[in-house]
Amino acid sequence: MELLKYCLSGHPTLPCNVLKFKSTTIMLDCGLDMTSTLNFLPLPLVQSPRLSSLPGWSLKDGNAFLDKTELIDLSTVDVILISNYHCMMALPYITEHTGFTGTVYATEPTVQIGRLLMEELVNFIERVPKAQSASLWKNKDIQRLLPSPLKDAVEVSTWRRCYTMQEVNSALSKIQLVGYSQKIELFGAVQVTPLSSGYALGSSNWIIQSHYEKVSYVSGSSLLTTHPQPMDQASLKNSDVLVLTGLTQIPTANPDGMVGEFCSNLALTVRNGGNVLVPCYPSGVIYDLLECLYQYIDSAGLSSVPLYFISPVANSSLEFSQIFAEWLCHNKQSKVYLPEPPFPHAELIQTNKLKHYPSIHGDFSNDFRQPCVVFTGHPSLRFGDVVHFMELWGKSSLNTVIFTEPDFSYLEALAPYQPLAMKCIYCPIDTRLNFIQVSKLLKEVQPLHVVCPEQYTQPPPAQSHRMDLMIDCQPPAMSYRRAEVLALPFKRRYEKIEIMPELADSLVPMEIKPGISLATVSAVLHTKDNKHLLQPPPRPAQPTSGKKRKRVSDDVPDCKVLKPLLSGSIPVEQFVQTLEKHGFSDIKVEDTAKGHIVLLQEAETLIQIEEDSTHIICDNDEMLRVRLRDLVLKFLQKF
């Protein structure tokens, strides 16, 4: 049986793949590609005459659920495995709007932080209601009349409105929590196990294996020492197939160097009396940035500059990061037992250097003072409190916006705000594996086959000469693209079958080669829930008193007397000598491609000897055939 892989997403860092393996259908991640939001105008919290006057389209009409679900019937998917909280943002679309009835597996931090990201997204969209909404533009005849980039957008009919919190809660209720190295049986057919991937709190790689095959799914992994548990590489060894996705989006940028640039540009702006805006997600890199600023601001003389974290889920995010101690790296775990908070932003909050707010309304308006640093969403600059700050600070060259999230093109994100006086700094921080790290990893774990997105098998279009910015492995990686079905390069050859003890006791093995023994068995194969069991055959019914005893064959009509199995090889020279001893003469031997032919010319008989068979061909002389057969059997073992 083949192992099939369906690719439903064209974004390698927001994957959605489906694996068909041993009658089990497994979805690997369900990332939500939101780059199409860049085609729309921002949603301002406060009415903006400038944004309202721009020719364009409001974001309110659609989000970017662009996965090609018609490639496979989602009602046939048995389970969904989630690797990290960024790769579950499309989950409500699948669980609430398709026929999916299976189970979703993810770690607790992935679920809780994923909930925060979804809650923030819903909040950002719903708090700016639109008086009107449009959908007729999705008609192909109308779409082709629109200006770029909307007229060039692909499959806009599959774009969906943002889900609701009711749908989010319903989707998350279908998730079963798992821990690292926990083995989960799927219908007795395969076993799945999450491993630490080192990228984010609770982020996982997955092992999918049967008794004889092993597939590793590596998505969003990091070898850098940040706040999560380090990546488990050893468990990836001995894989038949390794599916690799979610590599760094900025392979030429060093994360440590980017953090240094972030701090120095932030300090320069604030010293000159300007404000710094950091568009970000409410979890992930922000924890590391706050930790770096904690160590940096005192030495840079910036301890009086307030840091503001504004998000509907800001408070929950900061609290979650402190309570998931077992999912943190060893250094941060050890602080919990001192006891100290694992992240220094707890101290920043206690000393009032870091303040967090659900939105720009309410307490923030009273506490707000400048110059300051604001962390807020959304990184696309299309919705959230960041839209307000872009409008507020964009007209002054003293202010700076620093982009740290690599998911969106910062130039496209800034387009609706032009002309812009504020400085724009691009410091993308992506801790996921780069191509050098991938090459080293593959050499260590040595999978038989590597499968990855097409983008990873060739240099980036803008740097076509950089052959080091692609996966280099032997044998060459198999690539896939969106909406493609790939037959993975191995076939199942073996199946595990258990044997009942009483049946095992009845076997009489015979050694046919040193270390190899065989035994014949007559049994009934019982299969249930993908488990196979050999049971003794049914016994013939016992005769009842006063009735004629029946033969065994009457009670078990299908029972047949088994012929003995034969093994071994026939040495031609010794066989010829044996024939001569038994009175055969005029013997001639011919070599063939598959073995030998022994001609008994006087008896007009031919014996064809091949590796796996022996044929005696004589003309209607059964006694001669039986005599020759008995001579052949002398050289073979019976069992």
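Residues numbered from 1 in each chain as written. Predicted model: local features only at pLDDT ≥ 70, side-chain atom pairs only at ≥ 80, totals over all residues. Heavy atoms only, no water.

1. Quick word on the overall build of the protein chain
The secondary structure content of the protein chain amounts to 18 helices and 31 strands. The contacts in the protein chain between residues at least 6 apart in sequence include a share of 70% that link residues at least 24 apart. Accessible area for the protein chain stands at about 31,200 Å²; split by element, carbon and sulfur atoms hold 51% of it. (Helix = DSSP H or I, 4+ residues; strand = E, 2+ residues; numbered from the N terminus. Contact = heavy atoms within 4.5 Å. Areas by Shrake-Rupley, 256 points an atom, 1.4 Å probe, with all protein chains shown as cover.)

2. Overview of the packing of aromatic side chains
Inspection of the entire model under this criterion finds 17 aromatic pairs. Here Phe320 and Phe324 contribute two aromatic rings whose centre-to-centre distance is 5.5 Å and whose plane-to-plane angle is 15°, an arrangement assigned as stacked. No difference in accessibility class separates Phe320 from Phe324, as the two residues are buried. In textbook terms, an aromatic cluster arises when at least three aromatic residues are bridged by ring pairs, as seen for Tyr308, Tyr357, Phe364, Phe368, Phe389 and Trp393. (Phe/Tyr/Trp six-rings, centres within 6.5 Å; stacked < 30°, edge-to-face > 60°. Buried < 20%, exposed > 50% of the residue type's maximum accessible area, 1.4 Å probe, protein only.)

3. Let's talk about the sheet that holds strand 24 (residues 524–528)
The strand order across the open sheet formed by three strands is 21-25-24, and the pairing between neighbours is mixed. Unpaired on one side and paired on the other, strand 21 (498–499) and strand 24 mark the two borders of the sheet. Pairing geometry for strand 24 and strand 25 (residues 531–535), over five bridges, is antiparallel. Paired with His526 across the two strands is Leu533, which belongs to strand 25. (Pairing = 2+ DSSP bridges.)

4. Looking at the packing of helix 17 (residues 572–581) against helix 18 (residues 622–633)
Two elements in contact, helix 17 and helix 18, have axes separated by 11 Å at closest approach and are oriented at 135°. Between helix 17 and helix 18, the crossing angle belongs to the class labelled oblique. Regarding helix 17 and helix 18, the two cross each other, and that crossing is right-handed. Every residue of helix 18 that contacts helix 17 at Phe575, Thr578 and Leu579 is listed here: Leu628, Leu631 and Val632. Classifying every residue of the contact of helix 17 with helix 18 by side-chain character gives five nonpolar, one polar and no charged. (Axes fitted to C-alpha atoms, helices over the stretch in contact; angles between N-to-C directions. Parallel < 35°, antiparallel > 145°, perpendicular 65-115°, else oblique. Left-handed = near helix turned anticlockwise from the far one by under 90°. Nonpolar A, V, L, I, M, F, W, Y, C, P; charged D, E, K, R; others polar.)

5. Points about helix 8 (residues 314–323)
The α-helix winds at 3.6 residues per turn, so residues separated by three or four positions along the chain end up facing the same way. Listed as buried for helix 8 are Ala314, Ser317, Leu318, Phe320, Ser321 and Gln322. Here the buried face of helix 8 lies against helix 3 (108–126), helix 7 (285–296), strand 13 (307–310), helix 10 (345–350) and strand 14 (354–357).

6. Structural notes on the pattern of salt bridges
Summed over all chains, the structure comprises 10 salt bridges. Asp385 is paired through a salt bridge with Arg127; the nearest N and O atoms lie 2.8 Å apart. Here the residue Asp385 occupies a position in the loop between strand 15 (373–376) and helix 12 (386–393), and Arg127 occupies one in the loop between helix 3 and helix 4 (140–143), the gap between them amounting to 258 residues. For Lys332, the salt bridge identified is with Glu291, shortest N-O distance 3.0 Å. Taken together, the residues Lys332 in helix 9 (residues 330–336) and Glu291 in helix 7 connect sequence positions 41 residues apart. On the basis of relative accessible area, Lys332 is assigned to the buried category, the value being 5%. (Salt bridge = Lys/Arg side-chain N within 4 Å of Asp/Glu carboxyl O.)

7. Some words on the nonpolar core
Nonpolar side chains in soluble globular proteins generally cluster together in the buried interior. If you look at the biggest cluster of nonpolar residues, it comprises 109 residues, and the most contacted ones within it are Met27, Ile80, Tyr163, Phe375 and Met390. Of all the elements, helix 3 adds the most residues to this core, at nine residues. In this structure, this core is formed jointly by two domains, domain 1 (1–247 + 431–485) and domain 2 (253–424), each of which donates at least three residues. Excluding residues within four positions of it along the chain, Tyr163 makes contact with Leu32, Met89, Pro92, Tyr93, Met118, Leu121, Val122, Glu126 and Val168. (Core = buried A, V, L, I, M, F, W, Y, C linked by side-chain atoms within 4.5 Å. Domains from an automatic or database assignment.)

8. A look at the sheet that holds strand 7 (residues 184–186)
The strands making up a sheet associate through backbone hydrogen bonding, with each pair oriented either parallel or antiparallel. The sheet built from seven strands is open, its strands ordered 7-8-9-10-11-18-19 with mixed pairing. Either end of the sheet is taken by a strand with one partner, and the two such strands are strand 7 and strand 19 (478–480). The mean angle between the axes of side-by-side strands here comes to 20°, regardless of whether they run parallel or antiparallel. Of the strand pairs in this sheet, strand 11 (residues 241–245) and strand 18 (residues 449–453) are connected by three bridges, and their pairing is parallel. Counterpart to Val241 in the pairing with strand 18 is His449.

9. What about the side chain of Ser197?
Within the secondary structure, Ser197 is located in the loop between strand 8 (190–196) and strand 9 (204–209). For Ser197, the side chain forms a polar contact with the main-chain oxygen of Gly220, separated by 3.1 Å. (Polar contact = N/O pair within 3.5 Å; in protein donor to acceptor, adjacent residues only side chain to side chain.)

10. Some thoughts on the packing of helix 6 (residues 255–271) against helix 7
The contact between helix 6 and helix 7 brings their axes to 11 Å, and the two run at 55°. One way to sum up the angle between helix 6 and helix 7 is to call them oblique. Every pair of crossing elements has a handedness; the one defined by helix 6 and helix 7 is right-handed. Facing helix 6, whose interface residues are Val259, Phe262, Cys263, Ser264, Leu266 and Ala267, helix 7 presents Leu289, Cys292, Leu293 and Tyr296.

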